[in-house]
Amino acid sequence: MRRGRLAGFAVVLGWAVFLVAGLDSRAAERPATPARGPTVIRFAHAQLEPGLREAFDALARDYMAVRPGIRVEQIAVPRRVWASWLRTQLVGGTAPDLIQLVDNDPNIILQNFRPLDEWMAQPNPHNAGTPLAGVRWQDTFVRPLAAPPAYWPVYLGFYAAPTTIFTMRLYYNRTLLRTITGRETLPASFDEFLAVCDHVRTWSKGRAQPVYAIANARPTPSTDVLFQNLMAATSQRFVVDRDPTYSLGAGTTDSARYMIHDALFTGTLTLRDPAIQASLRLVRDVGRHFQPGFLAADRDEAMFYFLQQRAVMMVTGSWDYPTLSSQANFDTGVQAIPLPGPKHPIYGRFVLGETSEADMSFRGAFALTKRSPQPEAAIDFLRYLTSVEANAKFSRVSGWVPAVRGVEPSDKVAAFYPRLNGYPRGSGWTVGVETQRLWQTYAYLLFATDDGVERLTATLEPLLNQALIGDELKETRESLSNLANYDTRAIADWALRQSGAEPLFSPERRSELHEAQTALEQAYFRSRYLLETHAKP
Amino acid sequence: MSGLPVPPGGISCIAFNAGRANKAVECRRPVASLDRMATAPAQFSYRWIPAVLLIGAVLARAATVEAGSTSTTAAAWRELAAGNSREARASFLKVRASQPTAIRETQIGEAVALLNLQPVTATNREAARRLCAEVATANPEDAWTLKARYFLGRISELHTTPTDLAGAATHYEWLFTHHPASEWGQLALVKFAIVQLQEPVAPDETHRRYHRLVTLEPKLAEASARRDFHLVLGATCLQHDLGLEEALRHLLAAEAAGVRQPIRAATVLIQIAELSRKLGRLVQARTYYERFLAVAGDGDTRSFLVRERLAAWPVEVKP
């Protein structure tokens, strides 16, 4: 009998061991263990512009007053070491709770960050008492979160909440402008703008310290803002009127780019097309007012020209406003990049009008790391950052545009607020890395001689097709890995459902996955079709 | 209770005597008095206790193993979905070694992991193909057979160089022919349409394939498959000059099935409006422009242009 009891006891013990072992096998999926003591939320970003750290500090202090048991720590990392710092933190398991998605690198999302969908579907409690009370968090931003860094269509989920929007603007030295032209502001019309540039050139002639109308850098993908805007202006009508998909340009910057790419690739558009020739003339008209040697200058050199009052204007993003306004010892004005309108005698026939900025992307977006030991607390802080009250304060202190609906931009940032009343954007002929490289290499031809437009066109013509093929191949390579990713998650979701485990997706998200994959797959094969039918050896 | 098989000699149990706290005592009673057990616990036979516990333990072990299997394969699938292909593959191999019953699932899991491993190699791709082929050809068919056929199609379509679109079409056609109502049969219809229409063939052949695909429309049972199928055919009509009327018909069908992604949903509404305008169906055009504005608001670069169009709309077609 004793043996029987022992056997029973052993079985019970064994059972307990099985259960414990079963529980323990899930330990690796758990987030890091929270440290003892008060909850500490750490968030990291790469925005070292003046005012940003102060703004985040102010919000952290306010938040700690609201949630006394929580301490918030800000980690500001210089941009140049951000990538290596981030990698080290993520691999080493020491990443803070919230991290800014700086480069929109799709390769780090799935493995390191948690989807925010469940939280996004709930109201932001910090909006209580405001018009956004009871509104889903995802619907509290100035435009739908439909693209990275907030929403990732390829992963079908929200991965970050943004704090601002970036727009591109023309900054000008109001003091210098007044001295040279007697004007307080820049004119709105394109020809008058060029007249101001001419005025600066004439005024500067013979002076010991020459002053140039516009400071600019060589056309790298990140600095080629002004030229790209000018080139896009003259393809506006093409994109809307000759859209083979009947979608008025399909509503995104990328869709216009694809359209121009396809048209160039299939030959329905060539560099000799009047619209593209006009774009090159337009670039030349403006580019001759840049400082000498701009094609070798980097962004910092261009910035020095402006800050040292050796140039009246420069084009950069809204993120530079705090830097420029704190470092410039002159009065700075800001306005939209001047472009020819539809009534312009030369360029007007290619132009619809001012472009809409409704597709401007969100920035300053923070994502929740998977290893965060206190996801709920971290999300609560993120919700606070993106609440009406906190985002208004953030905008006021940082000088950045607010991202939250209903937050009135302060006077000093109102000029950066996206323009919604405008027409769809066009696209330049530099539609990818390879065509951009071609432009960067041969742009000097446009400004070297009087017949620059013809010289550049004749030089590019035999080279363009190969560059377009390179861009197309790059697109297809990227698409392929995304298509495989969709397949992987579709079958994982199905297998989990089959086994009775919690699936990856709701039925709606699952449907969205198939829709997104179909669209990408079709675009992928369209690219391949173009390559096979139009690529010349 | 009386219907249960009862072991000879009665049932063992453990009872606790109030006078001798926590000390187990053995009790024995005749099998015939089972129904009275509730009122006569002192008559339980202790000798059956280990047997009951053993059975319970075996059941518990089975349940734990099953749960472990689910959680382990589930963990592997989640690992795979999170992009950790190497770890997922190792997990699938581990499960296969311990649970022969899960072999088909782990074979597919390993195949998908192999297709995602970096760097991409022909060796991994062929290993994935072999695994899928093994699952696809095994008898009897089960749900994994469909997955295997689907992934054989995906390997031919997306992972093979040069692409074998005809081979992919064969697998997809098998799926929607033999399992038209299944989730994967429905998905295969969409993939079949893509590989058929995007293969660079003579225009006549594209047209012939298009018309054959149109005959497959009645097979579309699921809304998402119907939407995607019509989106593919609608785009093809525009790409290969198969007619604006046909393009419009497909877009209307896709829209009715429910387009989910906001920018795409807005674009489909615009496409319907634009095609309707082009074809002279001004009332329909206006309706869809207005629906676009209702959906997109100011958050779309086309909103201003559409408002402008509606403001200049011919008076006779205004409601």
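These figures come from a predicted structure and were not determined experimentally.

Criteria and thresholds
- Residues numbered from 1 in each chain as written.
- Chains lettered and ligands numbered in written order.
- Predicted model: local features only at pLDDT ≥ 70, side-chain atom pairs only at ≥ 80, totals over all residues.
- Heavy atoms only, no water.
- Helix = DSSP H or I, 4+ residues; strand = E, 2+ residues; numbered from the N terminus.
- Buried < 20%, exposed > 50% of the residue type's maximum accessible area, 1.4 Å probe, protein only.
- Contact = heavy atoms within 4.5 Å.
- Core = buried A, V, L, I, M, F, W, Y, C linked by side-chain atoms within 4.5 Å.
- Pairing = 2+ DSSP bridges.
- Polar contact = N/O pair within 3.5 Å; in protein donor to acceptor, adjacent residues only side chain to side chain.
- Nonpolar A, V, L, I, M, F, W, Y, C, P; charged D, E, K, R; others polar.
- Salt bridge = Lys/Arg side-chain N within 4 Å of Asp/Glu carboxyl O.
- Axes fitted to C-alpha atoms, helices over the stretch in contact; angles between N-to-C directions.
- Left-handed = near helix turned anticlockwise from the far one by under 90°.
- Phe/Tyr/Trp six-rings, centres within 6.5 Å; stacked < 30°, edge-to-face > 60°.

A. Geometry of the overall build of chain B. Counting secondary structure elements, chain B contains 13 helices and two strands. Sorting the 319 residues of chain B into buried and exposed places 50% on the buried side. For chain B, restricting intrachain contacts to residue pairs at least 6 apart in sequence, the fraction spanning at least 24 positions comes to 49%.

B. Just the nonpolar core, in detail. Among the nonpolar cores identified, the biggest contains 182 residues, and Trp82, Leu98, Phe113 and Leu382 of chain A together with Trp77 and Ile108 of chain B are the most heavily contacted of them. With 10 residues, the top contributor of residues to this core is helix 7 (residues 183–197) of chain B. The residues contacting Trp82 of chain A, other than those within four sequence positions of it, are Ala44, His45, Ala46, Val77, Ile99, Gln100, Val102 and Asp103 of chain A. Counting residues in each nonpolar core, the second largest holds 61 residues, with Leu177, Met313, Tyr347 and Ile469 of chain A among its members.

C. Region of interest: the pairing of strand 1 (residues 39–45) of chain A. Two strands pair when backbone bridges link them, and strand 1 of chain A and strand 2 (residues 70–76) of chain A are joined in this way by seven bridges, in the parallel orientation. Following the sheet pairing, Arg42 of chain A is matched in strand 2 of chain A by Glu73 of chain A.

D. Structural view of the interface of chain B and chain A. At the interface, 79 residues of chain B touch 72 residues of chain A. Counting the contacts that link chain B with chain A gives 22 residue pairs in polar contact (both at pLDDT 80 or more). For the side of chain B that touches chain A, the secondary structure elements donating two or more residues are helix 1 (49–81), helix 3 (103–116), helix 5 (143–159), helix 7, helix 9 (223–239), helix 11 (262–278) and helix 13 (303–311) of chain B. Of the residues forming the side of chain B that touches chain A, the biggest block, 16 residues, is contributed by helix 1 of chain B. Split into classes, the residues belonging to the side of chain B that touches chain A amount to 37 nonpolar, 20 polar and 22 charged.

E. Geometry of the environment of Asn173 of chain A. Residues and elements named next belong to chain A. Positionally, Asn173 belongs in strand 7 (residues 168–173). Considered as a pair, Asn173 and Met313 are 140 residues apart in the sequence and their alpha carbons are 6.3 Å apart. Apart from residues no more than four positions distant in its own chain, Asn173 is found in contact with Phe306, Gln309, Val312, Phe330 and Asp331. Within polar-contact distance, the side chain of Asn173 engages the side chain of Gln309 at 2.9 Å.

F. Representation of the pattern of salt bridges in the model. Residue and element names in this part refer to chain A. In this structure the tally under the stated criterion is 50 salt bridges over all chains. Glu73 is paired through a salt bridge with Arg71; the nearest N and O atoms lie 2.8 Å apart. Of the residues examined, Glu73 reaches a relative accessible area of 27% and is grouped as partly exposed. Residue classification places Arg71 among the partly exposed positions, given a relative accessible area of 40%.

G. Fine view of unusual backbone geometry. Cis geometry marks the peptide bond from Gln118 of chain B to Pro119 of chain B; its omega dihedral reads -5 degrees. In this structure, Pro119 of chain B sits in the loop between helix 3 and helix 4 (122–137). Here the bond from Thr161 of chain B into Pro162 of chain B is cis, since omega is -5 degrees, no more than 30 degrees from zero. By secondary structure assignment, the location of Pro162 of chain B is in the loop between helix 5 and helix 6 (165–178). Even without being a glycine, Tyr246 of chain A presents a positive backbone phi close to 55 degrees. Relative to the helices and strands, Tyr246 of chain A is located in the loop between helix 9 (236–241) and helix 10 (253–266). With phi around 55 degrees, Leu248 of chain A is a residue other than glycine that occupies positive phi space. Tracing the backbone shows Leu248 of chain A in the loop between helix 9 and helix 10.

H. Up close: the sheet that holds strand 12 (residues 366–368) of chain A. All names here are of chain A. The strand order across the open sheet built from four strands is 2-1-3-12, with neighbouring strands paired in mixed fashion. Every other strand in the sheet has two partners, leaving strand 2 and strand 12 as the edge strands with one partner each. Averaged over all neighbouring strand pairs, the angle between strand axes comes to 20 degrees, with direction disregarded. As judged from the two bridges shared by strand 1 and strand 3 (residues 98–100), these two strands associate in the parallel manner. Bridge pairing in strand 3 places Ala44 opposite Ile99.

I. Structural context of the packing of helix 12 (residues 282–296) of chain B against helix 13 of chain B. All names here are of chain B. Running from N to C, helix 12 and helix 13 point in directions that differ by 145 degrees, and their axes come no closer than 10 Å. In terms of crossing hand, the pair formed by helix 12 and helix 13 is left-handed. Residues Arg286, Tyr289, Glu290, Phe292, Leu293 and Ala296 of helix 12 form the contact with helix 13, whose participating residues are Ser303, Val306, Arg307, Arg309 and Leu310.

J. Representation of the sheet that holds strand 10 (residues 332–335) of chain A. Residues and elements named next belong to chain A. Taken together, the four strands give an open sheet; going across it, the order is 8-9-7-10, and neighbouring strands pair in mixed fashion. The open sheet is flanked by strand 8 (212–215) and strand 10, the only strands paired with a single partner. Between one strand and the next, the sheet's axes are offset by a mean angle of 25 degrees, whatever the strand orientation. One ladder, built from three bridges, connects strand 8 with strand 9 (residues 311–317); its direction is parallel. Bridge assignment links Ile214 to a residue of strand 9, and that residue is Met313.

K. Structural context of the packing of aromatic side chains. Enumeration according to the criterion identifies 38 aromatic pairs over all chains in this entry. Residues Phe176 of chain B and Phe192 of chain B carry aromatic rings whose centres are separated by 5.1 Å and whose planes lie at 65 degrees to one another, so their mutual orientation is edge-to-face. Taken together, the residues span a long stretch of sequence, with Phe176 of chain B in helix 6 and Phe192 of chain B in helix 7 at a distance of 16 residues. Side by side, Phe176 of chain B and Phe192 of chain B carry an identical accessibility label, which is buried. Chaining the aromatic ring pairs together yields one cluster made of Phe43, Phe56, Tyr63, Phe166, Trp319, Phe366, Phe381, Tyr384, Phe394 and Trp400 of chain A.

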